[in-house]
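Structural overview
The primary structure of each chain is shown beneath.
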Amino acid sequence: MMTGPEDDLPTLIARQDHLNILRYIRAHKLREPQTVVTHGKLLLGVTTASNNASDNSNTDDNDGQSITMRRQHLLGDAERLAALEQLCIASLDIGNLPLAESCLDAMQAGTSSSYVTKESARYRKLLGMCLEASGDYDGASDVYNRLLMDNPSNGYAAKRKYCILASQPGKDMEAMKALNDYLSTHPGDVAAWNQMAEACLSVSDFQGAAYCYEEVILGCPLDSNIHCKLGEAYCTVGGLSNAKLARKHMAQAVQLDSNNLRAWYGLIAAAEVFLEEVDKISGKGKKEAEEEGVEVAKELIKFGGEKLVHVYKGSKMRSVVGGLLKESSESL
């Protein structure tokens, strides 16, 4: 694990310690693009000069300007490349493509021990990001495809391929396939599973979304909102077994966060769906087998209703919510 400076970020900024500011942000994996650009430019001595002497205007995006870095040679090789890479990514984050491209050029300058070649994975990763920022999605995809050919487990390239497809209208299924390919080699990425769940919901694949949220819960077992979303997915799929699972996860959601109103509503809805599914069962024996579950569902509806009425006490919504819950109770 990378260890950064002992001082905190505000102290380093007050001291104008540009090198350690960048080190601190890298070590703590912070996303502070404006801070990186400001202090990275000062550290590397970045200056801009207009290519047109008669043009006295100052533009934020540096169009029509040449960018030089006067102080980069004062840093050690490793520190210089790290600063250039960090500044390149931060520049893309704030939409300053010319500065990012200048960082790429600077990374290729110097002696054999202080520059990166165009064939290195480090350079091609940044090149792909610059191509994305310029709108050249085909060129960026080619870069990422070559990176994956060299190293099929390159998670960064696989994720960027998905992002390119997800950003283009009409390519939802291709994006889902790219994300599925990534998850096949990186099954422990909880954020990717959550993204896949959202993608499944966007195409009404609720069974697939439920599977993805189950994977998310393995990594975030105490997240009330994820349990709530999983319960909603199971409830929408339907069926007696799914209604039971929906009720279980909604109950878990309100246990983890008693202020999660969406989960309270979901708990009542899941219990009602369970009762509806039991009514569909043919055969006395099967219905008797679910008798205990029926009583539990009825109690959950009453319990959830009392909680919601208490929450809306003194509010104009109390009468509306109370009326709806009364209808549910009377139907039991």
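Up top you'll find the structure we're talking about.
A brief look at the structure comes next. Treat the numbers as computed from the prediction; the structure is a model and nothing was measured.

Scanning the chain from terminus to terminus reveals 17 helices and two strands. Residue burial in the chain is summarised as follows: out of 332 residues, 42% are buried. Long-range contacts, defined here as pairs at least 24 residues apart, represent 49% of the contacts in the chain between residues at least 6 apart.

The tally for this structure, following the rule as stated, stands at 12 salt bridges. One salt-bridge network, in which partners are shared between bridges, spans Asp7, Arg15 and Asp17.

Once that is clear, we can look at the side chain of histidine 227. Within the fold, histidine 227 resides in helix H12 (residues 224-237). The class for histidine 227 is buried, based on a relative accessible area of 6%. A distance of 3.1 Å separates a polar atom in the side chain of histidine 227 from a polar atom in the side chain of histidine 249. Look past the residues within four positions of histidine 227 in its chain and what remains in contact with it is Ile217, Pro221, His249, Gln252, Ala253 and Leu256.

For the rest of this paragraph, the subject is a negative patch on the surface. A cluster of acidic residues, Glu291, Glu295, Glu299 and Glu306, forms a negative patch on the protein surface. With respect to the helices and strands, the residue glutamate 306 is situated in helix H16 (residues 291-311).

For helix H10 (residues 190-202), spanning 13 residues, the distance from its first C-alpha to its last is 19 Å, which sits close to the expected 18 Å at 1.5 Å a residue. All of the buried residues along H10 are Ala192, Trp193, Met196, Ala197, Ala199 and Cys200. All buried residues of H10 fall inside an arc of 165 degrees around its axis, so they share one side. Exposed residues on H10 whose side chains face more than 90 degrees from its buried face are Ala191 and Ser202.

For the rest of this paragraph, the subject is the layout of surface pockets. In this structure, the largest pocket encloses a volume near 670 Å³. Forming the boundary of the largest pocket are 20 residues, of which Leu30, Arg31, Ile89, Ala90 and Asp93 lie nearest the centre. Only helix H2 (18-27), helix H3 (33-44), helix H4 (77-93), helix H6 (121-133) and helix H8 (155-166) provide two or more residues apiece to the lining of the largest pocket. Looking at the lining of the largest pocket residue by residue, the class counts come to 11 nonpolar, one polar and eight charged.

Let us now look at the environment of serine 167. Relative to the assigned elements, serine 167 resides in the loop between H8 and helix H9 (172-185). Owing to a relative accessible area of 42%, serine 167 belongs among the partly exposed residues under this scheme. Sequence separation between serine 167 and tyrosine 137 is 30 residues; the distance between their C-alpha atoms is 9.8 Å.

Counted according to the given criterion, the structure contains two aromatic pairs. Judged by centre distance (5.9 Å) and plane angle (65 degrees), the rings of tryptophan 193 and tyrosine 211 are edge-to-face. Of this pair, tryptophan 193 sits in helix H10 while tyrosine 211 sits in helix H11 (residues 206-219), placing them 18 residues apart in sequence. Its relative accessible area of 11% is what places tryptophan 193 among the buried residues. Note that lysine 125 overlies the ring of tyrosine 156, its terminal NZ or CZ placed 4.7 Å from the centroid. Its guanidinium or amino end placed over the ring of phenylalanine 274, arginine 247 lies 4.6 Å from that ring's centre, counting from NZ or CZ.

Conventions we followed
Residues numbered from 1 in each chain as written. Predicted model: local features only at pLDDT ≥ 70, side-chain atom pairs only at ≥ 80, totals over all residues. Heavy atoms only, no water. Helix = DSSP H or I, 4+ residues; strand = E, 2+ residues; numbered from the N terminus. Buried < 20%, exposed > 50% of the residue type's maximum accessible area, 1.4 Å probe, protein only. Contact = heavy atoms within 4.5 Å. Salt bridge = Lys/Arg side-chain N within 4 Å of Asp/Glu carboxyl O. Polar contact = N/O pair within 3.5 Å; in protein donor to acceptor, adjacent residues only side chain to side chain. Patch = residues over 30% accessible without salt bridge, like charges linked within 9 Å, V, L, I, M, F, W, Y side chains within 5 Å. Areas by Shrake-Rupley, 256 points an atom, 1.4 Å probe, with all protein chains shown as cover. Lys, Arg positive; Asp, Glu negative; His and termini not counted. Charge placed at Lys NZ, Arg CZ, Asp CG, Glu CD. Expected span 1.5 Å × (residues − 1). Arc of directions from axis to C-beta. 1 Å grid on protein atoms, 1.4 Å probe; cavity = no way out; pocket = protein on both sides within 12 Å on 5 of 7 lines; lining within 4 Å. Points joined across faces, edges and corners; volume = space filled by probe spheres on them. Nonpolar A, V, L, I, M, F, W, Y, C, P; charged D, E, K, R; others polar. Phe/Tyr/Trp six-rings, centres within 6.5 Å; stacked < 30°, edge-to-face > 60°. Lys NZ or Arg CZ within 6 Å of the ring centre and 35° of its normal.

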